[in-house]
Structure formats: structure tokens, C-alpha cells
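Read off the chains here:
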Amino acid sequence: MDQLSEKIVSLRTLLGAAKKAVVVTHTNPDGDATGSSLAWAHVLEHSFNLDVTCIIPNRYPGFLAWQPHIEKVLIAKEKPEEAAQQVSEADLIFCLDFNLIDRLENLAEAIKANTTARRVLIDHHLNPPAEFDLMFSYPDLCSTSYVVYRIVEELVGVDAFDTDAASNLYVGIMTDTGNFSFSFLTPDLFRAVAGLVEKGINISQINTSVYNTFTEDRVRLLGHSLCNKMTMVNHGKAAYISLTEREMRKFNFQLGDSEGFVNYPLTIVGVKISAMFLATRKFIRVSLRSRGETDVNIFARKYFGGGGHKNAAGGKSFATMAQTVEYFERVVTEYLAENKE
Ligand code: 5GP
Ligand code: MN
């Protein structure tokens, strides 16, 4: 975390001059998005006396509804005028867990319209554009929640976190590391987690709240997806699952129900890239995962107008499902060959 101390000096100056802050995170928020936002908002409110509003573009999935203080989050899609008003009144805008303002979708215009507020990025995605006044961008840290932990440690000390804030950070770290099984699992990360445990968080309860609260429909949809909809490509080097709106209706699809499906094909030996295509009204949402050195961030940027991380990325397709999967089969084969996989 080079230059963290210098950036903290700039952050202190910004915080000293501010009265009202908004904390925004990406569309279709995940546990790291809500967890990091809520914990950071807590610190801004309690250690810096700021008037803080957390805003998310659309609703969080049901498995995050138990997160402490999530009821205070303003959902822009449900209250667009109030969200625009809060953004226009802010003199500091914190962007957490994403680095492209356009990923805010319905909220992006309001953010762009406030030209006097300072914008601060706190994130761990690759390739941040230069549209922020101050950037805490650390792609080699596991989660934005851990970036928040490190910033707060240096800024005011981790005593600033109460049990609720610590639980929220743990959710972000746990979900973005796939329950401590992906990359960036450093000794420092585990020391930070030990710090959260010292705050009194209940790990087994958090684990159950996030992972074991599915509906029967959701579990059956997973079964359907794996048994009937998983297709192997390129002699088993890639695999994908596609779900149409009709299938989603049949299983009473709720927001977040397909979260994690894309990881299953990667559990098959030899699979290097896994994709999930989920139909929405306007486009097909593309989720990508890879193993080891195979880079789906580059793949998502090149073929699906998206991005993300080396082993977890996403994008969109505006073609039909049939065209999208045919395109994927062709380009993934090409991409793996180019990379000598
Ligand atoms: P997920 O598959 O869980 O939706 O997303 C995996 C990763 O890819 C996340 O880190 C997310 O930020 C990134 N991602 C997903 N969709 C998009 C997209 O449309 N554009 C960009 N730039 N990144 C995305
Ligand atoms: Mn994240």
C-alpha cells in the first residue's frame, strides 16, 4: 500500500473541510459493496461528525438484508429525487467498490451534475480512470472492505469500528474472498480479520446469514442450472450456464438468486474460464470467473464491454441469448488459444 500515508494526509484535509458526505456503491451491490459502504459511513459519522448518506443504485439481495444498519441505505431506484437531492447537497462523494461512474447507472447523472463536491475513490478493481480527486485504489487487496480497514487503521485507528461496522467489513471480506479461498489472502489480511474478531463479531452467525438463507426455489434453480443448462466448451477448458427470463420466472427468481452459480463450473478439473449469462429486460448480464493466470478482466473488456478483476469479471451483451452463447463459444476458444491455455 504505497503512498497510503500521503493520501491519508489529503483525506484528512478533505474531511476537515466537509460537512456532508455521500457514500455510493455499484449497481447490483454485493456483500463487499454494502459492507464497505456501511462501515465507512459509520466512521465518517462517528469519528468525523459528518452528515452521511449511503446510496445504492438498486436494491441489495435478500441475503444481505440482515446487515447492521442496511435499512438506512437510500435506494436510488426507489427514491430517485431524494437520492439526487442528497448527492447535490454533498461536499464529499465517496465511491466504494467500483471505479467507473457509469456503473452507477441511474445514479451516474446526479453524481456528474454535482461539480463542486470532491470525489474520493476507495476500491480494489483494476484500471481506475482519472476522474477522482483522490484515489485509494488497491487491486492487490482482496476487497474494498479490507481497503477501508487499512485506511481507517491509519486515519483514526481501528477503535473507530464498533461490532456492527466490524460485522459489515467481515461480510465484504468473506464474500469477496469466496470464504477465504481466492487470491490476496495475506498474513496482514488475517491480522485484520483477527482485529474484527476482537470487536466481537459472530463469524458462524454471519456465515449462516449470508450462505444458508436460500429459498427452495433458489436451490432448485441451481440444480436446474447445473444439470440442464451447463455447457462445456473447447474440450472442457471453458463452461457456461445461461438462464432465460422464462426459466427465471418458473423458479420465482428473486434478485441475487443466481449469485455464485458461475463458480460451480470452475470446480470441474480442467475448466479455466466459467461464464454465466443471465437475461434481464434490457440486456444479458455476463459474469466471468477464471482460475490461476487466466485473465477474465482482459477477456471481459475485450469481448463484453466490461471489466473487473483477473479471476472475476463481468460485462453485458445486447444480442439474443442464442447469439451471445455462440459468440462466447467462439471467442473463448480463440482467447484460450491465444493465451496458450
Ligand atoms: P459479478 O460476476 O459478481 O457480477 O462481477 C464480478 C466482478 O466483475 C465484480 O468485481 C464486478 O465489479 C465486475 N463487473 C461485473 N459486471 C461489470 C460490468 O458490466 N463492467 C465492469 N467494468 N465490471 C463489471
Ligand atoms: Mn469488491
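This text follows the structure it describes.
As the structure is a prediction and not an experimental result, all values here were calculated from the model.

Draft legend 1. Helix α8 (residues 203-211), seen in detail. What α8 keeps buried is the set Ile 206, Ser 209 and Val 210. When α8 is viewed along its axis, its buried side chains cluster within an angular range of 90° and face the same direction. On its buried face, α8 sits against α6 (163-176).

Draft legend 2. Summary view of the packing of aromatic side chains. All told, the structure shown has 16 aromatic pairs when counted by the stated rule. Relative to Phe 304, the ring of Phe 299 has its centre 6.1 Å away and its plane inclined at 55°; by these criteria the two rings are tilted. Comparing Phe 299 with Phe 304, the two get one shared label, buried. Taken together, the ring pairs in this structure connect Tyr 240, Phe 277, Phe 299, Tyr 303, Phe 304, Tyr 327, Phe 328 and Tyr 335 into an aromatic cluster. Against the face of Phe 214 rests Arg 218, its NZ or CZ located 3.7 Å from the ring centre.

Draft legend 3. A look at the nonpolar core. Judged by nonpolar contacts, the single largest core of 57 residues is most densely connected at Trp 40, Phe 94, Ile 122 and Phe 136. Once residues lying within four places of it in the same chain are set aside, the contact partners of Phe 94 are Leu 11, Leu 15, Ala 21, Val 22, Val 23, Val 24, Trp 40, Leu 44, Val 120 and Ile 122. Core analysis: the next-biggest nonpolar cluster, separate from the first, contains 23 residues, Ile 273, Val 286, Ala 313 and Val 332 among them.

Draft legend 4. Quick peek at the site of ligand 1. Taken together, 13 residues are adjacent to ligand 1, and Arg 103, His 125, Ser 287, Arg 289 and His 309 come closest. Between ligand 1 and Ser 287, the relevant distance is 2.6 Å, taken from an oxygen atom to a side-chain nitrogen or oxygen of the residue. Take Gly 307: an N or O atom from its main chain is 3.2 Å from a nitrogen atom of ligand 1. When isolated, ligand 1 has an accessible area of 500 Å², and the protein chains bury 80% of it. When contributions to the shell around ligand 1 are tallied by element, the ones reaching two or more residues are β10 (284-290), β11 (307-308) and β12 (312-317). Ranked by residues supplied to the shell around ligand 1, first place goes to β12 with four residues. Of the residues contributing to the shell around ligand 1, the split by class is three nonpolar, eight polar and two charged. Split by domain, the residues of the shell around ligand 1 number at least three in each of domain 1 (4-210) and domain 2 (219-338).

About the criteria used
Residues numbered from 1 in each chain as written. Chains lettered and ligands numbered in written order. Predicted model: local features only at pLDDT ≥ 70, side-chain atom pairs only at ≥ 80, totals over all residues. Heavy atoms only, no water. Buried < 20%, exposed > 50% of the residue type's maximum accessible area, 1.4 Å probe, protein only. Helix = DSSP H or I, 4+ residues; strand = E, 2+ residues; numbered from the N terminus. Arc of directions from axis to C-beta. Contact = heavy atoms within 4.5 Å. Phe/Tyr/Trp six-rings, centres within 6.5 Å; stacked < 30°, edge-to-face > 60°. Lys NZ or Arg CZ within 6 Å of the ring centre and 35° of its normal. Core = buried A, V, L, I, M, F, W, Y, C linked by side-chain atoms within 4.5 Å. Near = heavy atom within 4 Å. Polar contact = N/O pair within 3.5 Å; in protein donor to acceptor, adjacent residues only side chain to side chain. Areas by Shrake-Rupley, 256 points an atom, 1.4 Å probe, with all protein chains shown as cover. Nonpolar A, V, L, I, M, F, W, Y, C, P; charged D, E, K, R; others polar. Domains from an automatic or database assignment.

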